[in-house]
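# Geometric and topological summary
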Amino acid sequence: MKSNNNINKLKIIKMFLENKKTLKEISYEENIPYSTLKRWIKKFKDDGTEALNLKERSDKNSFRKVDNTLLVTIRNFYLENKNNSLQTIYNDLKNNFNSNISFNTFYRIVSNLDEYLKNKSSTEINKNIKNGDVYILKSFISYNFIEINNTQKLPIIFLIFNASDLDIIDFHIEFSLTNSQNILAFLRESIILGLLKYNVTYLPKEILNDSSFKLSNNIKKQINDSLSLKIHDFTHENKEIERFINFLNSDIEKNLKNNITYENLYDFLSNYLKVNKNLPTFIETEDNNLLMLLFKLNIFLPRIKRKIHSYGIQIHNTIFNDIIYLKRYLGEVAEIIYNPLNLDFILAFKKNYLIGKIKNDNLK
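Note that the coordinates shown come from a computational prediction; the quantities given were computed from them, not determined experimentally. (Residues numbered from 1 in each chain as written. Predicted model: local features only at pLDDT ≥ 70, side-chain atom pairs only at ≥ 80, totals over all residues. Heavy atoms only, no water.)

## Considering helix α13 (residues 288-296)
Within α13, burial applies to Leu290, Leu293 and Leu294. Looking straight down α13, one finds its buried side chains confined to an arc of 100°; they lie on one side. Of the surrounding elements, those touching the buried residues of α13 are α9 (180-198). (Buried < 20%, exposed > 50% of the residue type's maximum accessible area, 1.4 Å probe, protein only. Helix = DSSP H or I, 4+ residues; strand = E, 2+ residues; numbered from the N terminus. Arc of directions from axis to C-beta. Contact = heavy atoms within 4.5 Å.)

Rendered as structure tokens:
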């Protein structure tokens, strides 16, 4: 009963957290004291359930006097030349595209690219996009509590869509938005699944992030510098996606309402979405092009330094050991790359030289 009560509370305050209603409106409509609503909001935020898909007003910072085609042109031209000064970009834009746009309008647009992206129509997104070129990241809360370490938590479900046909590439179950390592590892996994699914040897050009998880600008820059992959915060107003997520959430509740664990939610999503996530931690292949792409994608994984002991290398209470690779480096510090979603193996490096792929001691 307590879980059901909490779900009802969350559904009520969700209208406020999504900027759809004020607390005063909710208080009046639901006949709930204003102070009680504030207390509920604080409680759910403290519990980590603030992971709602917050959306701003759709008309905020829109540029109604600029047509959609010009917005696309400005956006692409700016992103391609953003290392130049704004004045230089503006002058080149006017010369190259015979545009009469004022500098003030130009400045407002490039200063609010995220807002522009939020208002960009789905037809513009899907137009002329090849399979695997652009991904859309979505998230939603399932209103079914799962017990994790003796604590009831609401799962946050992430979905990756292929923007050209809205086909689902991958999913991930998370319980906190602060665990950026897990979500970054999920993005890496999704890109690999996309490479295999579409049988391509190129990385996506963009990930449109319409989820409750936000990456720092520093991490987005590192990824773009390394992979030429841009990650944009974005609201994709697509009724087909929203309808699908509503159906999925409803089916989760219908099918797993009385018996939900992480394992059966994972299995349900795998079957429902027809996603096979059985990837090895680090894929081995004789295709040099694919091997190079996979190596580049390790930028999504954590890198830490660990001392090599006689018993091996310890990460998060897990021991990794391979005496053949590690014996000559005992007592030295190695750089470690690991996948937080799959701790079967780690990669150990010494001065950028690969020592070896070190196996989880429990798997021997």
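## So, a nonpolar patch on the surface
Taken together, the side chains of Ile323, Ile324 and Tyr325 present a nonpolar region at the surface, about 330 Å² in accessible area. Positionally, isoleucine 323 belongs in helix α14 (residues 323-326). (Patch = residues over 30% accessible without salt bridge, like charges linked within 9 Å, V, L, I, M, F, W, Y side chains within 5 Å. Areas by Shrake-Rupley, 256 points an atom, 1.4 Å probe, with all protein chains shown as cover. Salt bridge = Lys/Arg side-chain N within 4 Å of Asp/Glu carboxyl O.)

## A short note on the packing of helix α11 (residues 239-256) against helix α12 (residues 262-273)
Packing of α11 against α12 brings their axes to within 11 Å, and their N-to-C directions diverge by 135°. Of the possible angle classes, the one that applies to α11 and α12 is oblique. In the packing of α11 onto α12, the handedness of the crossing is right-handed. Two secondary-structure elements touch here, α11 through Phe244, Phe247, Leu248, Asp251, Ile252, Asn255 and Leu256 and α12 through Asn264, Leu265, Phe268, Leu269, Tyr272 and Leu273. Here the residues of the contact of α11 with α12 are counted per class, giving 10 nonpolar, 2 polar and 1 charged. (Axes fitted to C-alpha atoms, helices over the stretch in contact; angles between N-to-C directions. Parallel < 35°, antiparallel > 145°, perpendicular 65-115°, else oblique. Left-handed = near helix turned anticlockwise from the far one by under 90°. Nonpolar A, V, L, I, M, F, W, Y, C, P; charged D, E, K, R; others polar.)

## Some thoughts on the sheet that holds strand β8 (residues 303-307)
With antiparallel pairing, 4 strands are arranged side by side in an open sheet as β8-β11-β12-β13. Unpaired on one side and paired on the other, β8 and β13 (353-359) mark the two borders of the sheet. Across the sheet, the axes of successive neighbouring strands diverge by a mean angle of 35°, strand direction being ignored. (Pairing = 2+ DSSP bridges.)

## What about the pairing of strand β11 (residues 333-339)?
For β11, the tally of buried residues reaches 5 of 7 residues, placing the bulk of the element in the interior. Across 5 bridges, β8 lies against β11 in antiparallel orientation. When the sheet's bridge partners are listed, arginine 306 is paired in β11 with alanine 334. Note that β11 and strand β12 (residues 342-350) share 5 bridges and pair antiparallel.

## Quick look at the environment of lysine 357
Tracing the chain through its elements places lysine 357 in strand β13. Measuring from C-alpha to C-alpha, the distance between lysine 357 and leucine 347 comes to 4.8 Å, with 10 residues separating the pair along the chain.

## What to know about the sheet that holds strand β6 (residues 206-210)
Spatially, β5-β4-β1-β6-β7 is the arrangement adopted by the 5 strands of the open sheet, whose pairing is mixed. Two strands in the sheet have a free side with no partner beyond their single neighbour: β5 (167-174) and β7 (230-233). Averaged over neighbouring strand pairs, the angle between their axes works out to 20° when direction is ignored. Examined bridge by bridge, β6 and β7 share 4 bridges and lie parallel to one another.

## Remarks on the nonpolar core
Grouped together as the largest cluster of nonpolar side chains are 57 residues, with contacts concentrated most on Leu159, Ile252, Leu265, Leu269, Leu297 and Phe300. When residues of this core are assigned to their parent elements, the largest contribution, 9 residues, is made by α9. Apart from the residues lying within four places of it in its own chain, the contact partners of isoleucine 252 are Phe140, Ser142, Asn144, Ile157, Lys257, Leu265, Phe268 and Leu269. With 14 residues, the next largest nonpolar core counts Ile304, Ile336, Ile346 and Ile355 among its residues. (Core = buried A, V, L, I, M, F, W, Y, C linked by side-chain atoms within 4.5 Å.)

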